[in-house]
Amino acid sequence: MATHFVIDGLKAAIDGKEILKGINLEIKGGEIHAIMGPNGTGKSTLASALMGHPKYEVTEGKALLNGEDLLEMSVDERALAGLFLAMQYPSEIPGVTNSDFLRSALNARLGEGNEISLIKFIRKMEGKMKELEMNPEFAHRYLNEGFSGGEKKRNEILQMMLLDPSIVILDEIDSGLDIDALRIVSQGVNAMRSEDRGFLIITHYQRLLNYITPDFVHVMMQGRIVKSGGPELAERLENEGYDWVKEELGIVDETVGQA
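Everything numeric here is computed off the predicted structure, so don't read it as measured data.

Trainee: Is there a simple way to explain the overall build of the chain in this structure?
Mentor: The helix and strand inventory of the chain stands at nine helices and 12 strands. Computed over its C-alpha atoms, the radius of gyration of the chain comes to 18 Å, within 12% of the 18 Å expected for a compact globule of 259 residues. In terms of principal-axis extent, the alpha carbons of the chain reach across some 60 × 40 × 35 Å. Among the 259 residues that make up the chain, the fraction classed as buried is 50%. Residue pairs at least 24 apart in sequence account for 71% of intrachain contacts in the chain once pairs closer than 6 positions are excluded. Of the roughly 12,000 Å² of accessible surface on the chain, 47% is carried by carbon and sulfur atoms. Of the side chains in the chain, 27 bear a positive and 41 a negative charge, and the two mean positions are spaced by 2 Å.

Trainee: I keep staring at helix α5 (residues 149-163) and nothing clicks. Help me out?
Mentor: Residue pairs spaced three or four apart in an α-helix point in one direction, given the helix's 3.6 residues per turn. For α5, which comprises 15 residues, the first-to-last C-alpha distance of 21 Å matches the rise-based estimate of 21 Å (1.5 Å per residue) to within 8%. Among the 15 residues that make up α5, 13 are buried, leaving the element largely enclosed by the rest of the structure. D164 occupies a position one or two residues after α5 and carries a positive phi of about 55°.

Trainee: Explain the sheet that holds strand β6 (residues 83-86) to me, please; I cannot follow it from the model alone.
Mentor: The strands that make up a sheet pair up through hydrogen bonds in the backbone, lying either parallel or antiparallel. Strand order in the open sheet formed by six strands is β6-β9-β10-β3-β11-β12, with mixed pairing between adjacent strands. Pairing within the sheet leaves two strands with one partner each, and these edge strands are β6 and β12 (224-229). On average, adjacent strands in this sheet sit at an angle of 20° to one another, irrespective of strand direction. Sheet contacts for α5: β6, β9 (167-171) and β10 (198-202); angle to β6, the most-contacted strand, approximately 165°. Seen against the sheet, helix α8 (residues 231-240) touches β3 (32-36), β11 (216-221) and β12 and runs at an angle of roughly 45° to β11.

Trainee: How should the sheet that holds strand β1 (residues 4-14) be read in this particular structure?
Mentor: The antiparallel open sheet is built from four strands, whose spatial order is β2-β1-β4-β5. Each edge of the sheet is formed by a strand with only one pairing partner; in this case those strands are β2 (17-28) and β5 (68-69). Two strands pair when backbone bridges link them, and strand β4 (residues 57-65) and β5 are joined in this way by two bridges, in the antiparallel orientation. Bridge pairing in β5 places L65 opposite E68.

Trainee: Any chance you could explain the packing of aromatic side chains here in plain terms?
Mentor: Think of a pair of aromatic rings as described by two things: how far the centres are apart, and how the planes are tilted against each other in angle. Across all of its chains, the model carries one aromatic pair by this definition. Ring centres of F138 and F147 lie 4.8 Å apart, and the angle between their planes is 75°; on these two criteria the pair is classed as edge-to-face. Both residues of the pair, F138 and F147, count as buried. The cationic tip of R141 hangs over the ring face of F138; the distance from NZ or CZ to the ring centre is 4.7 Å. Sitting above the plane of the W244 ring, R236 keeps its charged end 3.5 Å from the centroid.

What counts and how
Residues numbered from 1 in each chain as written. Predicted model: local features only at pLDDT ≥ 70, side-chain atom pairs only at ≥ 80, totals over all residues. Heavy atoms only, no water. Helix = DSSP H or I, 4+ residues; strand = E, 2+ residues; numbered from the N terminus. Rg over C-alpha atoms; globule rule 2.2 N^0.38 Å. Buried < 20%, exposed > 50% of the residue type's maximum accessible area, 1.4 Å probe, protein only. Contact = heavy atoms within 4.5 Å. Areas by Shrake-Rupley, 256 points an atom, 1.4 Å probe, with all protein chains shown as cover. Lys, Arg positive; Asp, Glu negative; His and termini not counted. Charge placed at Lys NZ, Arg CZ, Asp CG, Glu CD. Expected span 1.5 Å × (residues − 1). Pairing = 2+ DSSP bridges. Axes fitted to C-alpha atoms, helices over the stretch in contact; angles between N-to-C directions. Phe/Tyr/Trp six-rings, centres within 6.5 Å; stacked < 30°, edge-to-face > 60°. Lys NZ or Arg CZ within 6 Å of the ring centre and 35° of its normal.

These figures capture arrangement, not role.
Right under this line is the structure:
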């Protein structure tokens, strides 16, 4: 069954202040959707609310992944259901090696009673690390500790490639990447594109979309998706900024206080 993800009327608040004011979006397997918008319009809030960050209170709406409402699940249940978030600022976890973390996450994804053998895991991890041009030594270092911004982002993509999720949310995966790292990360994303997987990419820049061609581009302002189109919309935003969108829609204050 092909992946089907529906966000229906999603509203979310932080500290009592409403940030998301009714997000509607449908992502089918094989599709890549990009969300763009000025700072403070709720893009990262959307990613965090979908993944179940405790700071964000969902006040209304649904998020259905293959018919199941993710919002009724705990964070780990959402991950097991097939939702994956590549974070803008991945955490450092001293004392836990990258390989131990990845194997534990993969075993959890496989379900109770199923476990990947150590040899099979090492071969799989090393193969994916080679694709991402990662130093093999990173497998034995503590998770993200001392990693550069680009190394952390490659590590997020490594997790995605190993966990094989149904819906991937990339929250500004391009921030802090040089051109080479951007190319490698994008190749990893493109290699994972299939009918069984949909992508939601949050970005500020057209440069990422030069490497990962979206099917749909959405503009987010004031906690809502206010305009949608194809890849040409991202190109126009890159060339002209957002003022023309605000003028077209009569928007005066585009921010809601969160990224």
